[in-house]
Amino acid sequence: MPRGLFVTGTDTGVGKTVVSAALLHRYRHQARLRYWKPVQTGIEEDDDTAAVAALAACAPGEIVREGVRLPRPLSPHAAAALAGVTIETTALLAAAARHADAGLVIEGAGGVLVPLNGTDTMATLMTRLGLPVLVVARSSLGTINHTLLTLDALRARQLAVAGVVMVGARNESNRAAIEHYGGTTVLGELPWLDPLTPAALEVWATSRLDPGGLLGSVWA
Ligand SMILES: Nc1ncnc2c1ncn2[C@@H]1O[C@H](COP(=O)(O)OP(=O)(O)OP(=O)(O)O)[C@@H](O)[C@H]1O
Ligand SMILES: [Mg+2]
């Protein structure tokens, strides 16, 4: 079984990649970490692996390059069908097992119920990996519903929720609602960084992400 954290989101484009890079900044001095994007669609425009390598100034050994890489910017099941391939969760699990010497930061594609193939969703992969799940959510209006739905879907599958990270302008009311109704902890509120640089992200991560060190045990 791998160690680490699965990073999901309430939607595509919410900040999973940026938060994954922040996790490397925050914990790489405590544990050997490796980032992995098992399924990347729209690879010509979107390369989250390259983005994390740059945003977290990664050494080559901090990046897992295996996985499914698909050209079309669609849901994985649709992008795979158009490419004439089938995404096999068993093959992805085998790849994860080859990195048992490190704590993995595994970034999903889209959200929890995004389909991978005719039977499996991203939640199937999460369940088979058995890692705690961190939810990345927008801070803005609409996030309470999306975040609570995501937490419900995770718990319905007996997945352990590690917490929530909110991205965007600070919204204390939304944060309080997510913690109260979601029965979880908001581990960080990442503001919009302009410009978004590795140095600015590192400053935020090392001072504001999980200041209580609640995630420290997931890498061990
Ligand atoms: N805190 C931030 N400050 C500045 N830019 C940000 C921030 N968070 C996210 N972004 C930008 O917003 C866009 C979407 O963020 P990101 O790529 O992290 O989302 P995602 O959830 O990983 O998307 P996907 O579902 O495609 O993997 C990117 O261009 C990213 O650089
Ligand atoms: Mg991403």
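Provided above is the structure to which this section pertains.
Computed from a prediction, not measured in an experiment: that's the story for all the values here. Residue positions are counted from 1 within each chain, in the order its sequence is given. All chains are assigned letters beginning at A, and all ligands numbers beginning at 1, according to the order in which they are written. Only residues with pLDDT of at least 70 get local features here, since the model is predicted, and only at 80 or more are side-chain atom pairs given and counted; chain-wide, interface and lining totals rely on the full set of residues. Neither water nor hydrogens contribute to the side-chain values; these are computed over all heavy atoms in the structure.

(A) Expanded view of the coordination of the magnesium ion (ligand 2). The rule for donors is simple: an N, O or S atom within 2.8 Å of the metal counts, and for Na, K and Ca the reach is 3.2 Å. Water is not among the atoms, so a site may look short of donors. Here the magnesium ion (ligand 2) is held by the protein donor atoms Thr17 (OG1), Asp48 (OD) and Glu107 (OE), which lie 2.0 to 2.1 Å from it. We note that the donor set of the magnesium ion (ligand 2) lies within a single chain, spaced as T-x30-D-x58-E. With Thr17 in helix α1 (residues 16-27) and Glu107 in strand β6 (residues 103-107), the pair connects residues that are 90 residues apart, well separated along the chain. As far as burial versus exposure is concerned, Thr17 and Glu107 are alike and both buried. Here a helix means four or more residues in a row that DSSP labels H or I, a strand means two or more in a row labelled E, and each is numbered from the N terminus. Burial status follows relative accessibility: with a 1.4 Å probe on protein chains alone, a residue under 20% of its type maximum counts as buried, one over 50% as exposed, and anything between as partly exposed.

(B) Structural context of the site of ligand 1. Any residue with at least one heavy atom within 4 Å of a molecule or strand is counted as near it. The local shell around ligand 1 holds 17 residues, among which Thr12, Lys16, Thr17, Pro191 and Leu193 are the closest. Contact distances for ligand 1 include 2.7 Å between an oxygen atom and a side-chain N or O atom of Thr12. Within the backbone of Leu193, a nitrogen or oxygen atom sits 2.8 Å from a nitrogen atom of ligand 1. Here the open area of atoms and residues is found with the Shrake-Rupley method and a 1.4 Å probe, where only the protein chains shown may cover a residue. In isolation ligand 1 has 620 Å² of accessible area, and contact with the protein removes 76% of it. No other element matches α1, which puts three residues into the shell around ligand 1. Residue classes follow a fixed rule: Ala, Val, Leu, Ile, Met, Phe, Trp, Tyr, Cys and Pro count as nonpolar, while Asp, Glu, Lys and Arg count as charged, and any other residue, Gly among them, counts as polar. For the shell around ligand 1, the residue count by class is eight nonpolar, five polar and four charged. Polar contact is the term for a pair of N or O atoms within 3.5 Å; when the atoms are in protein, one must be able to donate a hydrogen and the other to accept it, and sequence-neighboring residues count only if both atoms are side-chain atoms.

(C) Inspection of a negative patch on the surface at higher detail. Like-charged residues are merged into a patch within 9 Å and nonpolar side chains (Val, Leu, Ile, Met, Phe, Trp, Tyr) within 5 Å, provided each residue has over 30% relative accessible area and no salt bridge. Note on definitions: salt bridges are taken to be side-chain nitrogens of Lys or Arg within 4 Å of carboxyl oxygens of Asp or Glu. When charges are counted, Lys and Arg are positive and Asp and Glu negative, with His and the chain ends excluded. Here the site of a charge means atom NZ of a Lys, CZ of an Arg, CG of an Asp or CD of a Glu. The grouping of Glu44, Glu45, Asp46 and Asp47 at the surface amounts to a negative patch. Topologically, Glu44 is positioned in the loop between β3 (39-40) and α2 (48-55).

(D) Here's a closer look at the packing of α1 against α2. Lines are fitted to the C-alpha atoms to define the axes, a helix being fitted only along its stretch in contact, and any angle between axes, read from their N-to-C directions, falls within 0 to 180 degrees. Between α1 and α2, the shortest axis-to-axis distance is 9 Å and the interhelical angle comes to 40 degrees. Viewed along their axes, α1 and α2 adopt a mutual orientation that is oblique. As α1 runs across α2, the sense of the crossing is right-handed. Where α1 abuts α2, its residues Thr17, Val18, Ser20, Ala21, Leu24 and His25 lie against Asp48, Ala51, Val52 and Leu55. Note that the term roughly parallel is reserved for angles under 35 degrees, roughly antiparallel for angles over 145, roughly perpendicular for angles of 65 to 115, and oblique for everything else. Crossings are assigned a handedness: left-handed for a near helix turned anticlockwise from the far helix by less than a right angle, right-handed for a clockwise turn. Whether two residues are in contact is decided by their heavy atoms, any of which lying within 4.5 Å being enough.

(E) Focus on the environment of Leu215. If you trace the backbone, Leu215 turns up in the segment after α8 (198-208). Considered as a pair, Leu215 and Pro132 are 83 residues apart in the sequence and their alpha carbons are 9.7 Å apart. Excluding residues within four positions of it along the chain, Leu215 makes contact with Leu5, Leu23, Tyr27, Ala162, Leu187 and Asp210.

(F) Representation of the side chain of Asp210. Along the chain, Asp210 falls in the segment after α8. Of the buried charged residues, Asp210 lacks a salt bridge, with Arg26 as the closest side chain of opposite charge at 4.5 Å. Only 2.4 Å separates the side chain of Asp210 from the side chain of Tyr27, close enough to count as a polar contact. Once residues within four sequence positions are removed from consideration, Asp210 is found in contact with Arg26, Tyr27, Leu187, Leu215 and Gly216.

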